[in-house]
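# Observations on chain architecture
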Amino acid sequence: MLGICRGRRKFLAASLTVLFVPAVTWIYLFAGSFEGKVTVMCWGKGLALERMLDGKPVSLSPLESQPHSPRYTASSQRDRESLEVRMREVEEENRMLRKQLSLAQGRGPSHHRGNHSKTYSMEEGTGDSESLRAGIVAGNSSECGQQPAVEKCETIHVAIVCAGYNASRDVVTLVKSVLFHRRNPLHFHLIADAIAKQILATLFQTWMVPAVRIDFYDADELKSEVSWIPNKHYSGIYGLMKLVLTKTLPSNLERVIVLDTDITFATDIAELWAVFHKFKGQQVLGLVENQSDWYLGNLWKNHRPWPALGRGYNTGVILLLLDKLRKMKWEQMWRLTAERELMSMLSTSLADQDIFNAVIKQNPFLVYQLPCFWNVQLSDHTRSEQCYRDVSDLKVIHWNSPKKLRVKNKHVEFFRNLYLTFLEYDGNLLRRELFGCPSEADVNSENLQKQLSELDEDDLCYEFRRERFTVHRTHLYFLHYEYEPALDNTDVTLVAQLSMDRLQMLEAICKHWEGPISLALYLSDAEAQQFLRYAQGSEVLMSRHNVGYHIVYKEGQFYPVNLLRNVAMKHISTPYMFLSDIDFLPMYGLYEYLRKSVTQLDLANTKKALIIPAFETLRYRLSFPKSKAELLSMLDMGTLFTFRYHVWTKGHAPTNFAKWRTATTPYRVEWEADFEPYVVVRKDCPEYDRRFVGFGWNKVAHIMELDAQVRR
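Let me sum up the structure you'll find in this document. Computed from a predicted structure; not experimentally measured.

## Side note on the overall build of the chain
- If you tally the helices and strands in the chain, you get 21 helices and 24 strands.
- Burial analysis of the chain (712 residues in total) assigns 50% to the buried set.
- A fraction of 77% describes how many contacts in the chain between residues 6 or more apart in sequence connect residues 24 or more apart.
- When the accessible surface of the chain is totalled, it reaches about 34,900 Å², and 52% of it is carbon and sulfur.

## Quick look at unusual backbone geometry
- The phi dihedral of M208 is positive, around 55 degrees, even though this residue is not glycine.
- Its relative accessible area of 24% is what places M208 among the partly exposed residues.
- The phi dihedral of R644 falls on the positive side, at around 60 degrees, and the residue is not glycine.
- Following the sequence through the fold, R644 ends up in the loop between β23 (641–642) and α20 (657–662).
- A relative accessible area of 35% places R644 in the partly exposed class.

## Notes on the packing of helix α9 (residues 330–345) against helix α10 (residues 352–362)
- The N-to-C vectors of α9 and α10 enclose an angle of 100 degrees; their axes lie 9 Å apart at closest approach. Judged on the interaxial angle alone, α10 and α9 are roughly perpendicular. For the pair α9 and α10, the contacting residues are W330, M333, W334, T337, A338, R340 and E341 in the first and I355, F356, A358, V359 and Q362 in the second.
- Among the residues making up the contact of α9 with α10, the classes are represented as eight nonpolar, two polar and two charged.

## What to know about the state of the cysteines
- Tallied over the full model, the rule gives one disulfide.
- Disulfide pairing places C153 opposite C437 at an S-S distance of 2.1 Å. One quick way to see it: the torsion about the S-S bond of C153 and C437 is about -95 degrees, and its sign makes the bridge left-handed. Of the two residues, C153 sits in the loop between α2 (129–134) and β5 (156–162) while C437 sits in the loop between α11 (412–423) and α12 (443–453), which places them 284 residues apart along the sequence.

## Here's the deal with the sheet that holds strand β11 (residues 313–321)
- Strand order in the open sheet made by the seven strands is β7-β6-β5-β8-β11-β10-β12, with mixed pairing throughout. In this open sheet, the two edge strands, each paired with only one partner strand, are β7 (212–218) and β12 (367–370). Mean inter-strand twist for the sheet, computed between neighbouring axes without regard to direction, equals 25 degrees.
- Bridge count between strand β10 (residues 285–289) and β12: four bridges; the pairing is parallel. Residue pairing across strands places G286 opposite Y368, the latter belonging to β12.
- Its contacts with the sheet put helix α5 (residues 219–226) on β6 (186–192) and β7, and the angle it makes with β7 is roughly 50 degrees.
- The strands touched by α10 within the sheet are β10, β11 and β12, with β11 carrying the most contacts at an inclination of about 65 degrees.

## Things to note about the sheet that holds strand β14 (residues 396–398)
- With mixed pairing, three strands are arranged side by side in an open sheet as β9-β14-β13. Taken across any chain shown, the strands that pair with only one partner, and hence form the sheet edges, are β9 (263–265) and β13 (376–377).
- In this structure, β9 lies alongside β14, joined through three bridges in antiparallel fashion. When the sheet's bridge partners are listed, T264 is paired in β14 with I397.
- Strand contacts of α11: β9 and β14, with the helix running at about 85 degrees to β9, the strand carrying the most contacts.

## Focus: a negative patch on the surface
- On the surface, a cluster of negative charge is contributed by D456, E457, D458 and E463.
- Among the structural elements, D456 can be located in the loop between α12 and α13 (462–467).

## With respect to the packing of aromatic side chains
- Summed over all chains, the structure comprises 28 aromatic pairs.
- On the numbers, 5.4 Å between centres and 15 degrees between planes, the contact of Y559 with F695 is stacked. With Y559 in the loop between β18 (547–553) and α17 (561–570) and F695 in the loop between β24 (678–682) and α21 (698–711), the pair connects residues that are 136 residues apart, well separated along the chain.
- What makes Y559 buried here is its relative accessible area of 14%.
- What makes F695 exposed here is its relative accessible area of 68%.
- Linked through ring pairs, W273, F276, F279 and Y368 together constitute an aromatic cluster.
- One Lys or Arg, R473, reaches over the ring of W207 and ends 5.6 Å from the middle of that ring.
- In this arrangement the basic side chain of R473 is found over the ring face of Y553, its NZ or CZ atom lying 4.0 Å from the centre.

## A closer look at the packing of helix α3 (residues 165–181) against α11
- It is the contact of α3 with α11, at a shortest axis distance of 8 Å, that shows an interaxial angle of 90 degrees. By the angle between their axes, α3 is roughly perpendicular relative to α11. On α11, the residues touching D170, T173, K176, S177, F180 and H181 of α3 are Y419, F422 and L423.
- Residue composition of the contact of α3 with α11, by class: four nonpolar, three polar and two charged.

## So, the nonpolar core
- Counting residues in each nonpolar core, the largest one holds 102 residues, and the members touching the most others are I191, F265 and W334.
- Counting residues per element, this core draws most heavily on α3, at seven residues.
- Setting aside its immediate chain neighbours within four residues, I191 contacts A159, I160, V161, C162, Y217, A219, L222, M241, L245, T248 and L249.
- Listed in part, the 54 residues of the second largest apolar core include L521, L523, L532 and L631.

## Things to note about the environment of N184
- Mapped onto the elements of the fold, N184 is located in the loop between α3 and β6.
- For the pair formed by N184 and C153, sequence separation is 31 residues and the distance between their alpha carbons is 5.5 Å.
- Side-chain polar atoms of N184 contact the backbone oxygen of K152, separated by 3.2 Å.

## As for the pattern of salt bridges
- In this structure the tally under the stated criterion is 29 salt bridges.
- In this structure, R213 and D215 form a salt bridge, with 3.3 Å as the shortest nitrogen-oxygen distance.
- Ionic pairing is found between K395 and E271, a salt bridge with its closest N-O pair at 2.8 Å. Residue K395 is located in the loop between β13 and β14, and its partner E271 is located in helix α7 (residues 269–274); the two are separated by 124 residues in the primary sequence.
- For K395, a relative accessible area of 3% translates into the label buried.
- Salt bridges here are not isolated pairs; linked through shared partners, they connect K176, D426, R473 and D525.

## Some details on helix α18 (residues 590–600)
- Taken residue by residue, α18 has L590, Y591, L594, R595, S597 and V598 as its buried positions. End-on view of α18: buried residues confined to an arc of 165 degrees, all on one side of the axis. Away from the buried face of α18 by more than 90 degrees, exposed residues K596, T599 and Q600 are located.
- Each element contacted by the buried residues of α18 is listed here: β16 (492–499), β19 (576–579), β21 (610–612) and β24.
- Looking one or two residues beyond α18, the residue adopting positive phi is D602, at roughly 55 degrees.

## Observations concerning the side chain of D525
- Structurally, D525 is set in helix α15 (residues 525–536).
- Judged by relative accessible area, which is 4%, D525 ranks as buried.
- Here the side chain of D525 touches G427 through a polar contact of 3.3 Å, landing on its backbone nitrogen.
- Non-local contacts of D525, meaning those with residues more than four positions away in its chain, are made with K176, L423, E424, Y425, D426, G427, R473 and Y553.

What counts as what
- In this convention, every chain numbers its residues from 1, walking through the sequence in written order.
- Local features are withheld for residues below a pLDDT of 70 in this predicted model, meaning they are given only at 70 or higher, and side-chain atom pairs are given and counted only at 80 or more; totals for whole chains, interfaces and linings count all residues.
- By convention in this description, side-chain values take in all heavy atoms of the structure and omit both hydrogens and water.
- Note on conventions: DSSP H or I runs of at least 4 residues are helices, E runs of at least 2 residues are strands, and numbering of each starts at the N terminus.
- Relative accessible area decides the class of each residue, using a 1.4 Å probe on protein chains only: under 20% of the type maximum gives buried, over 50% gives exposed, and in between gives partly exposed.
- Any two residues having at least one pair of non-hydrogen atoms within 4.5 Å are treated as being in contact.
- A 1.4 Å probe and the Shrake-Rupley method give the accessible areas. Residues count as covered only by the protein chains that appear here.
- Note on definitions: angles span 0 to 180 degrees between N-to-C directions of axes, and those axes are lines fitted to C-alpha atoms, for helices only across the stretch in contact.
- Note on terminology: angles under 35 degrees are roughly parallel, angles over 145 are roughly antiparallel, angles of 65 to 115 are roughly perpendicular, and the others are oblique.
- Only Asp, Glu, Lys and Arg are considered charged in this grouping, and only Ala, Val, Leu, Ile, Met, Phe, Trp, Tyr, Cys and Pro are considered nonpolar; every other residue, Gly among them, is considered polar.
- Disulfides are defined as pairs of cysteine sulfur atoms found within 2.5 Å of each other.
- At least two DSSP bridges between two strands are required for those strands to pair.
- Like charges within 9 Å and nonpolar side chains (Val, Leu, Ile, Met, Phe, Trp, Tyr) within 5 Å are joined into patches, using only residues over 30% in relative accessible area that form no salt bridge.
- By convention in these notes, a salt bridge is any Lys or Arg side-chain nitrogen within 4 Å of a carboxyl oxygen on Asp or Glu.
- When charges are counted, Lys and Arg are positive and Asp and Glu negative, with His and the chain ends excluded.
- Charged groups are reduced to one reference atom each: NZ for lysine, CZ for arginine, CG for aspartic acid, CD for glutamic acid.
- Aromatic rings from Phe, Tyr and Trp, with only the six-membered ring used for Trp, were paired whenever their centres fell within 6.5 Å, and each pair was classed as stacked if the ring planes differed by under 30 degrees, edge-to-face if by over 60, and tilted otherwise.
- Each ring is checked for a lysine NZ or an arginine CZ that lies within 6 Å of its centre and within 35 degrees of its normal; such an atom marks a charge sitting over the ring.
- To form a nonpolar core, buried Ala, Val, Leu, Ile, Met, Phe, Trp, Tyr and Cys residues must be joined to one another through side-chain atoms within 4.5 Å.
- Side-chain atoms alone can form a polar contact between residues adjacent in sequence; in general such a contact is a pair of N or O atoms within 3.5 Å, and within protein one must be able to donate a hydrogen while the other accepts it.
- The directions from the helix axis to the C-beta atoms are what the arc is built from.

Put into structure tokens, the structure is as follows:
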């Protein structure tokens, strides 16, 4: 194995992040008779409050002097006349704006600006002007609108169907956007396959976000419920599972927001949760109208979509009243409809969406139509630009196209920057507590706090001791992973850890080692996306599916080298592992050689470690030796050296390179102090001691532990 120690070139990547922090300016105008009433108007950040008594304006502004004030003079009559003129102007502006609002209600939803406000404006077809007025407090109130119809600490339930590696990455971005804006406890119900469950369970366990609960439901067990439906959509069988949520989710759960994985929130999800209070009669489904002409059947010749009401509805965002749906026997309803339509349609094109629309076509009373800004669809043939006047009106962006960020839209740069903001946002910042909302007791969190409280802050090594209790957010299998176990049970996984400055080594290692690899990468959220783009642009890396990339997100001031090694070790699928470093290139053919060696040395039944001799070069560009004879020649010429020969001879001296030069068979090596070789061991070998951070003594301590295990 050859280490490259000089002339390393760091991988540099430039990234532009546009933070989405819009300025907020709201204007609320409320109509009615002015006599004996208060009119409250918010102009930007200012508040004007005036009362009309008997048709005459009297200023209540603290900036105006009152009649009995010493400052009251004869000029007050002119001030009064000026104020009357201003009031008439304001009334005229009110009249014109009320007219505009009335016209807007006739053609679409009203457009409010500012995604971080806690107030609501009237919505087309769903707005209730009386309830909106009820939000105004009489007298000298400074409230500028209706408060959300959601209790401060009410839990919001969200259901997401997720399967596979790519969808798991999408869920993280969706969750970030929800957490960024939220002010309520959240309960995520994840219908996930085995892969997504493993990834997301580890992620949320290590994320440790307060007031967030996660429950998983086995998607593979639900396949039989929908597998009888032929489906042409790219989401596959998992795209049909929203149909069975009434049966899957807990029977005591009354309502839930259902989201696709390719959703980005630009506002507090509590605003959407509050819309449940607007449902009336038999309305049980909250949906946004489809923003393409798909269900109109005019996209191309012989286009024949499933039946739908008008333009149909998009199911990327759904409000489900589960308790009422169950009473209506939703299971039988959608099944009978699907069976009937499949007689002529043969298969679905848009998965669950086709069946939802067919049911709604027969039962229009089921739907409460959400304003379009709750699901701005960026699919092919979309007409989403007709949904809004300004991008600040939007609340939910739906990337419902296989093209994702490459969609055509005049505001696509804004949408892309909003998405990238959450994609690269530091997830550690979302671990904030909810003010005034107590979190459920978490045993792990309580134990962590107890351990931290027992540390002595005056200890000179306090920061080092504290580091071992840091919980690093971890995203397993960041890229697609496939592995077929070897039938002879001799397979070996190369294990290593790295940071961004060693990224350029990945392609070379993949060329030298054809077997499975497990890598732990210590990256920030932004660096993780740079790595993703790097990997997806590499033919070498994309052609390899047996490499597990596990992202451990940066936190704290130390490099957790042994924690990274443990993460990589823990997630291997082979009986043996080769504990290496990212700077080392294995000799060509080493993978097959080691598989033969573990059998010859009977590693399965004995406590042995197979040592791989390590060498280094002081030249970045070097012709890699193709044989032992060529390597010996390079050693003699001084273009190669035994590893760390110049700086730490003791680290590899017990390998006995003099004996290795002439050896033709494996030989026994005795442990000595400070020995830190690279070894092949069984999967069940002890972990590294995570108290070691940074660089130095971490491998030494591990090898000492391995030797102690053998001597017991």
